[in-house]
Each structure stands twice: as structure tokens, then as C-alpha cells.
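Spelled out, the chains give:
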Amino acid sequence: DNLLTVTGLRKVYDSSTGSVEAIGDITFRMDAGELVCIVGPSGCGKTTLLKCISGLLKPTSGSVELRGRPVTSPPPNMALVFQEYGRSLYPWLTVRGNVELPLKHKYPSRSERGRLVEDALRAVGLDHAAASYPWQLSGGMQQRVAIARAVAYQPEVLIMDEPFAAVDAQTRADLEDLVRALHRERGMSILFVTHDIDESVYLGERVVVLSKSPTWVQEDVHVDLPDD
Ligand code: ADP
Ligand code: ADP
């Protein structure tokens, strides 16, 4: 069941000081229900790749298709979670309000939104904190709010860009297990980007490796996960 197809994607940034080929000729595909990791060192073009996939940036050449439709505007049915969770939450809204906000256009029914929000907060273990404000929560809890918001939205694909780079090791392990649970128990399709090889192997059913030297390398590595 083909979900995402990235074909020959290339992005060159032009500036007064010259041009930089941030990504060159990336091709991979992802099926619905898969958890795919993209791993590579800083500067290898991960952020550029994600911006192209989510339609925020126009590639120099190549294409991105979500369920066979080209990803251009209007925004595709995707949800994004970034490293900077604090900045993505509205401090004047409660946890419940933050999770509900993006649903307003997609789900006009207030009762349906309420149901989706409660369900998402339960899924990330935050049902007890629905009435709190983001600044009352730890960094790890704030990142759970950002994840709940994505879960409630029910995107075709959840894109996570180094989401746990800024939290401590124990919190990170807990959040990684949460991502695995969302994938295994809810069948969410997740594209997870990290510079951490260990994290990519722990999480990903498939790992796409990006590397910058000596030339562009892209390998599709199949990883057998141990059963829980
Ligand atoms: P990563 O996310 O893996 O760190 P990036 O996609 O941010 O990689 O960057 C890849 C390369 O493209 C780097 O050399 C970076 O300096 C360059 N780059 C990224 N964004 C721009 C931009 N807006 N203009 C020029 N160069 C850029
Ligand atoms: P990250 O490391 O998280 O990918 P950066 O701090 O490298 O982000 O980049 C922040 C912003 O600056 C991004 O929007 C990126 O596209 C842009 N950028 C990165 N490198 C360059 C560059 N060499 N020239 C211009 N813009 C850049």
C-alpha cells in the first residue's frame, strides 16, 4: 500500500556566494503503516529533504507524491513534530487547547474534536494534564503534547525531525517507546529523522542512510527488529 514516493529529489540553494547542493538525487518509498528512519550526519540535508517532502520548499528537480498525488500546495495531509517543541506550543492555551487548535478546520464537529483530543492525550499518557499550560510541564511532557496534537490530527504521515535531540536520556527512551507504540498499536505511518544511528536502528523498520562524503550515498538498510 504505497504512501509516499520520493523520486530523484535534488535541491540546490543559490546565493550571492555560490550554490550549495543540499541534497542530490534521493529516491525512496514508504508504505502505509511503516516506520521509516532517515539518518545522517549534521549538514547532510535532512532538514532540506523534510521541507521538500512536506511542501515547504520547492525542489530543484525530482518529485514527491503522497498516495500518488504530487505534494505541492495546498498543504498535504501531514503532521510535523520538531526538536523545538517549546516554540511550537501556544503558551496561552492549555494542553487541551493546543491539541485541539489544528483540528478546527478539519473537524467542524465540536464533540468529535473533543473525542479526538481526549483519545490523543490518553495515547501519550497526558490525560491528567489536559488543563495544564505548556510552561507548567517538563520538556519531555511538552514534546508529548506536540505528539498528541499530531496524533489527534490523524495525518496520513507523521514526520518527526530530530524530535528528541533536546531531552535527557531517560525521557528520550520513554518517548522513543511512545513512538513505537503509536506505530505498532495504531498503525501510524511515521517518517523519523535523526543523526543518531542507534536511535534509527532501534526505531526504524527501514533505515534510509544519507551521507555526504565522498559522494552522495543512499542505501536502504533493512533492519530486523526483535519482538517485544
Ligand atoms: P541537516 O538538516 O542534515 O543538518 P540541512 O538540510 O540543514 O542539513 O543542510 C544541508 C546543506 O545545505 C548544508 O550544507 C547547509 O548549510 C545548506 N543549506 C541549508 N539551507 C540552506 C539555505 N537556505 N541556503 C543555503 N544553504 C543552505
Ligand atoms: P538545522 O541544523 O536544524 O537543520 P540550521 O540552524 O542549520 O538548522 O538552519 C536554520 C535555518 O537556516 C534553516 O531554515 C536552513 O534552511 C537555513 N540555513 C542553513 N544553512 C544555511 C546556509 N548556509 N545559508 C543560508 N541559510 C541556511
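You'll find the structure just up there.
Figured I'd write up the structure that's included with this text. Just so you know, these numbers come straight off a predicted model, no measurement behind them.

1. Side note on the overall build of the protein
Then comes step 1: Scanning the protein for helices and strands turns up eight helices and 10 strands.
Then comes step 2: Scaling as 2.2 N^0.38, a compact globule of 228 residues should have a C-alpha radius of gyration of about 17 Å, and the protein matches this with 18 Å.
Then comes step 3: Overall size of the protein, expressed as C-alpha extent along the three principal axes, is 50 × 40 × 40 Å.
Then comes step 4: Each of the 228 residues in the protein was classed as buried or not, and the buried ones make up 45%.
Then comes step 5: Long-range contacts, defined here as pairs at least 24 residues apart, represent 69% of the contacts in the protein between residues at least 6 apart.
Then comes step 6: Of the roughly 11,300 Å² of accessible surface on the protein, 51% is carried by carbon and sulfur atoms.
Then comes step 7: Computed over 24 positive and 30 negative side-chain charges, the inter-centroid distance for the protein is 8 Å.

2. Re the site of ligand 1
Then comes step 1: Near ligand 1 there are 12 residues, and of these Gly43, Gly45, Lys46, Thr47 and Thr48 occur at the shortest range.
Then comes step 2: At 2.9 Å from an oxygen atom of ligand 1 is found a main-chain nitrogen or oxygen belonging to Lys46.
Then comes step 3: A distance of 2.5 Å separates an oxygen atom of ligand 1 from a polar side-chain atom of Thr48.
Then comes step 4: Against a free-state accessible area of 570 Å², the protein chains account for coverage of 61% of ligand 1.

3. Structural notes on the pattern of salt bridges
Then comes step 1: The full count for this structure, using the stated rule, is 14 salt bridges.
Then comes step 2: A single salt-bridge network, built from bridges that share partners, covers Asp1, Arg67, Arg69 and Glu156.

4. A look at helix H5 (residues 110–123)
Then comes step 1: Taking 1.5 Å of rise per residue, 14 residues should cover 20 Å, and H5 covers 20 Å from first to last C-alpha, within 8% of that figure.
Then comes step 2: Within the sequence span of H5, burial applies to Arg113, Leu116, Val117, Ala120 and Leu121. Looking straight down H5, one finds its buried side chains confined to an arc of 130°; they lie on one side. Exposed side chains of H5 directed beyond 90 degrees from the buried face belong to Ser111, Arg115 and Arg122.
Then comes step 3: In this fold, the buried residues of H5 make contact with helix H3 (95–100), helix H4 (103–106) and helix H6 (139–153).
Then comes step 4: Downstream of H5 by one or two residues, Gly125 has phi in the positive range, about 75°.

5. Here's the deal with the packing of H5 against H6
Then comes step 1: For the pair H5 and H6, interaxial distance at closest approach is 8 Å and the crossing angle is 135°. Taken as axis vectors, H5 and H6 run oblique relative to one another. The chirality of how H5 crosses H6 is right-handed. Contacts between H5 and H6 involve Leu116, Ala120 and Leu121 from the former and Ala148, Val151 and Ala152 from the latter.

6. Let's talk about the environment of Leu57
Then comes step 1: Relative to the helices and strands, Leu57 is located in the loop between helix H1 (46–53) and strand E4 (61–66).
Then comes step 2: For the pair formed by Leu57 and Ala79, sequence separation is 22 residues and the distance between their alpha carbons is 16 Å.
Then comes step 3: The residues touching Leu57, leaving out its near neighbours within four places in the chain, are Lys11, Tyr13, Thr48, Lys51 and Cys52.

Cut-off values and rules
Residues numbered from 1 in each chain as written. Chains lettered and ligands numbered in written order. Predicted model: local features only at pLDDT ≥ 70, side-chain atom pairs only at ≥ 80, totals over all residues. Heavy atoms only, no water. Helix = DSSP H or I, 4+ residues; strand = E, 2+ residues; numbered from the N terminus. Rg over C-alpha atoms; globule rule 2.2 N^0.38 Å. Buried < 20%, exposed > 50% of the residue type's maximum accessible area, 1.4 Å probe, protein only. Contact = heavy atoms within 4.5 Å. Areas by Shrake-Rupley, 256 points an atom, 1.4 Å probe, with all protein chains shown as cover. Lys, Arg positive; Asp, Glu negative; His and termini not counted. Charge placed at Lys NZ, Arg CZ, Asp CG, Glu CD. Near = heavy atom within 4 Å. Polar contact = N/O pair within 3.5 Å; in protein donor to acceptor, adjacent residues only side chain to side chain. Salt bridge = Lys/Arg side-chain N within 4 Å of Asp/Glu carboxyl O. Expected span 1.5 Å × (residues − 1). Arc of directions from axis to C-beta. Axes fitted to C-alpha atoms, helices over the stretch in contact; angles between N-to-C directions. Parallel < 35°, antiparallel > 145°, perpendicular 65-115°, else oblique. Left-handed = near helix turned anticlockwise from the far one by under 90°.

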